[in-house]
Amino acid sequence: MEKQFPIVQYVDEDGQLVKDDARLDKEQLYQFYRAMLRARMMDKKCLNLQRQGRIGTYVQYEGQEAAQVGSALAVEDGDWMFPTYRDHAATMTFGHSLTNLFLYWKGRLEGSIPPEGKNIFPPAVPIASQLLHATGTAWAEKKKKSDRVSIAYFGDGATSEGDFHEGLNFASVFNIPVVFFNQNNGYAISVPMEKQMKSKTIAQKGLAYDIPSIRVDGNDILAVYFETEKAVERARSGGGPTLIEAVTWRYGAHTTADDPSKYRNQQESDQRRQTTDPILRIERLLNNQGWWNEAAVKEMQEEITDEMNDALQASESVEKPDLNQLFDNVFAEPTWTIEEQRMKHNRISKEVGQ
Amino acid sequence: MTTVAAQVKKLTMIQAITDAMKTMMKEDDSVLILGEDVGINGGVFRATEGLIEEFGDERVVDTPLAESGIVGTSVGLAVNGFKPICEMQFFGFIYPAFNQLITHATRMRQRSLGRYTVPMVIRAPYGAGVKAPEIHSDSVEALFTHIPGLKVVTPSNPYDAKGLLIASIEDPDPVLFIEPMRCYRTGRTQVPDEKYAVELGKAATVKEGTDVTILTWGAMVQDTVKAVEKWEAGKDASCEIIDLRTLYPLDKETIRKSVEKTGRAVVVHEAPETGGVSGDVISLINDAAFFYLKAPVQKVTGFDTPVPVYSLELDYLPSAQKIIHAVEQTLQY
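Residues numbered from 1 in each chain as written. Chains lettered and ligands numbered in written order. Predicted model: local features only at pLDDT ≥ 70, side-chain atom pairs only at ≥ 80, totals over all residues. Heavy atoms only, no water.

The next point concerns the overall build of chain A. When its secondary structure is counted, chain A shows 13 helices and 9 strands. Against the 2.2 N^0.38 benchmark of 20 Å for 354 residues, chain A shows a C-alpha radius of gyration of 21 Å, consistent with a compact globule. For chain A, the spread of C-alpha atoms along the principal axes amounts to about 70 × 50 × 40 Å. Within chain A, the fraction of its 354 residues that count as buried is 58%. (Helix = DSSP H or I, 4+ residues; strand = E, 2+ residues; numbered from the N terminus. Rg over C-alpha atoms; globule rule 2.2 N^0.38 Å. Buried < 20%, exposed > 50% of the residue type's maximum accessible area, 1.4 Å probe, protein only.)

Given below as structure tokens:
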């Protein structure tokens, strides 16, 4: 099966082009580079903020920037994105604001709200359930005869869940314009791939559903971008769903609440920073092309730092929400039960001085 | 004469349910039906009979056999402009969809602060007494009244079935609409041809009385009516029977007024006792009418056991004798 689903690569670890027909222009490469740099700086910032107690438990993705950013750049305004709570590199690339991302990790519902005109679902916390939402939403687009598509993100562990299979099956049966974008980073928290499934690839699971499937080097943003673009175009033109397995690696823990050295060789993981790292790879590519511009990169870093600091400041100046926010959005019109509970809470909290 | 006759039909509950869906599908192109065997077969109970012929397979969709898939894709459809009616073939088959319902459908409005909403109805036949195989007859409404963001509705007669289902389809939030299988074909009542809604959250006083309020729903409504009518003959006491119709949110006012009048109450349901909706009804009575009570509120319920199969299912269901026994207990207190 691994032979049937070879890992598609455009750029190797040394930054050499291995695919002759890859479109390549300097401006686009810098766009890729900047988006990945922004994602990485944001991840590091959030990790630091969590350590300082300024945000809650955080879910990091460092190492997976090419997979998330490359795929997110391949969809357009009007398309639908279904992230998990690890996929904010994808959502911020698609247009989610950094302020709202900080708010999300501060435990604010506002953090899930995308900018007007951007169809981004609140991050899925249960595993694989969002694949069905992506399918249903794209199904609606198909019924409306639009050419909008959905992209759903999920990890390797998610493919063990029923909803993964139900999502692929529905999408296949009804020929729905959805891209199932898997990030295979080898571990579902502590359970390695070989204990998760006997199949050697995730892409092969698409065979059972007659869904075109592909494995890409998830640390090679060109491979991710161009192959996702093809899948998106197929969906847009009525060709139905695609399953993409982006083979990648995350350096850090599952979340800030676990310690990866308990279940994998963390030294080996850290060594990957020198070899498979997605940002290093594009730096090498730029260098090899003679396009590397130190000053431009420095400027980028400064711009991103300013953007993050502004967003953080904005998120930290938002006042704690009124508890009424909780009662207002359970139903379109609160039921009497909720109204009574709201009034009772307000009365008692006055009495007990809280 | 003929014009009046033309406006109402005598329908069974299942026909009234079909009529409700047909009425709404005609009126609103965004209403879809998704489920197993709902198309050509017209549903295992024939609830969707004839609808695929009239509205086509784009709107009456035979889905793969996957309850989570039905509810999960419907979340996406609902968020993106459609009003799906999902059919669970039996209520006891809803468990694989529980995750989608509790983690997504019912909290999408809050998680997105109203940006995304899920106007969806899930229909499911439920209840014992029809000699169905295992699991099919489960009466697990209380699992769902506990979920924030979900309304739970159950009709007991054809007229209410049509009106409540129309109100459920029109509701901007997810509604679980459970249909007592035992009532599907046990009688016909007059059902208006036109569109009408029976407001959610409102109970119906099925029978007025002065001494004991019996609160019940679904198939137990007719059982209770029969038991009480027989018992009342020759007695100088009478029971008021209330069909709750909506189990979340309960109709506090109707329950309060009736218990204030009678001073006694019995809750009858076929679901298991512990954690049942009866607990909420009794709690509501304690809050709203405690000082009117002349006796503790009684419960007549199923057991904390799986709903049994055929050979014992009638012994499991609250019997007329048990209902009357509870009524007499409250009167003798």
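For the structure shown, the criterion picks out 30 aromatic pairs over all chains. With 5.9 Å between their ring centres and 40 degrees between their planes, A:Tyr187 and A:Tyr263 make a pair best called tilted. Of this pair, A:Tyr187 sits in strand 6 (residues 187-188) while A:Tyr263 sits in the loop between strand 9 (242-247) and helix 9 (266-275), and the two are 76 residues apart along the sequence. For the pair A:Tyr187 and A:Tyr263, one class covers both residues: buried. Ring centres of B:Phe303 and B:Tyr316 lie 5.8 Å apart, and the angle between their planes is 85 degrees; on these two criteria the pair is classed as edge-to-face. On the criterion of sequence distance, the pair formed by B:Phe303 in the loop between strand 14 (298-302) and helix 12 (310-316) and B:Tyr316 in helix 12 is long-range, its members being 13 residues apart. (Phe/Tyr/Trp six-rings, centres within 6.5 Å; stacked < 30°, edge-to-face > 60°.)

Next up on the list: the sheet that holds strand 1 (residues 7-8) of chain A. The strands making up a sheet associate through backbone hydrogen bonding, with each pair oriented either parallel or antiparallel. All names here are of chain A. One open sheet accounts for 7 strands, arranged 1-8-9-5-4-2-3; its pairing is parallel. Because the sheet does not close on itself, it has two edges, and the strands there are strand 1 and strand 3 (119-120). Sheet topology places strand 2 (residues 80-82) next to strand 4 (residues 150-155); 3 bridges connect them, and they run parallel. The residue of strand 4 that forms the bridge with Trp 80 is Ser 150. (Pairing = 2+ DSSP bridges.)

The next subject is unusual backbone geometry. Here the bond from B:Tyr248 into B:Pro249 is cis, since omega is -5 degrees, no more than 30 degrees from zero. Counting through the fold element by element, B:Pro249 comes out in the loop between strand 12 (246-248) and helix 10 (252-262). Even without being glycine, A:Ala128 reaches a positive phi, approximately 75 degrees. If you trace the backbone, A:Ala128 turns up in the loop between strand 3 and helix 5 (129-143). Residues other than glycine seldom take positive phi values, yet A:Asp210 does so here, at roughly 60 degrees. Structurally, the position occupied by A:Asp210 is in the loop between helix 7 (193-196) and strand 8 (213-217). A:Asp210 sits in the exposed class, given a relative accessible area of 70%.

Moving on to the sheet that holds strand 4 (residues 83-87) of chain B. Residue and element names in this part refer to chain B. Sheet architecture is open: 7 strands sit in the order 3-2-4-5-7-6-12, paired in mixed fashion. For this open sheet the edge positions go to strand 3 (60-62) and strand 12, each flanked by a neighbour on one side alone. Direction aside, neighbouring strands of the sheet carry axes that sit 20 degrees apart on average. With 3 bridges joining them, strand 6 (residues 151-153) and strand 7 (residues 175-180) adopt parallel strand pairing. Each bridged residue has a counterpart across the sheet, and for Lys 151 the counterpart in strand 7 is Val 175. Sheet contacts for helix 2 (residues 13-27): strand 2 (31-35), strand 3, strand 4, strand 5 (121-126) and strand 7; angle to strand 2, the most-contacted strand, approximately 135 degrees. Helix-sheet contacts for helix 4 (residues 67-79) involve strand 2, strand 4 and strand 5, and the interaxial angle to strand 4 is about 170 degrees. (Axes fitted to C-alpha atoms, helices over the stretch in contact; angles between N-to-C directions. Contact = heavy atoms within 4.5 Å.)

It is worth spelling out the environment of B:Ala326 at this point. All names here are of chain B. Within the secondary structure, Ala 326 sits in helix 13 (residues 320-332). Separated by 170 residues in sequence, Ala 326 and Ser 156 place their C-alpha atoms 22 Å apart. Residues contacting Ala 326, with those up to four places away along its chain left out, are Val 266, Gln 298 and Val 300.

So, on to the interface of chain B and chain A. In this assembly, 44 residues from chain B lie in contact with 47 residues from chain A. Roughly 3,600 Å² of surface becomes buried between chain B and chain A when both sides are summed, with 64% attributable to carbon and sulfur atoms. Taken together, chain B and chain A are joined by 2 salt bridges. Note that A:Lys143 and B:Glu58 form a salt bridge whose closest N and O atoms lie 3.3 Å from each other. Taken together, the links from chain B to chain A amount to 22 residue pairs in polar contact (both at pLDDT 80 or more). Secondary structure elements with two or more residues in the side of chain B that touches chain A: strand 2, strand 3, helix 4, helix 5 (98-105) and helix 6 (108-111) of chain B. Ranked by residues supplied to the side of chain B that touches chain A, first place goes to helix 4 of chain B with 10 residues. Within the side of chain B that touches chain A, the residues separate by chemical class into 20 nonpolar, 15 polar and 9 charged. (Buried area = accessible area lost by both parts, 1.4 Å probe. Salt bridge = Lys/Arg side-chain N within 4 Å of Asp/Glu carboxyl O. Polar contact = N/O pair within 3.5 Å; in protein donor to acceptor, adjacent residues only side chain to side chain. Nonpolar A, V, L, I, M, F, W, Y, C, P; charged D, E, K, R; others polar.)

So yeah, pure geometry; function would need other evidence.
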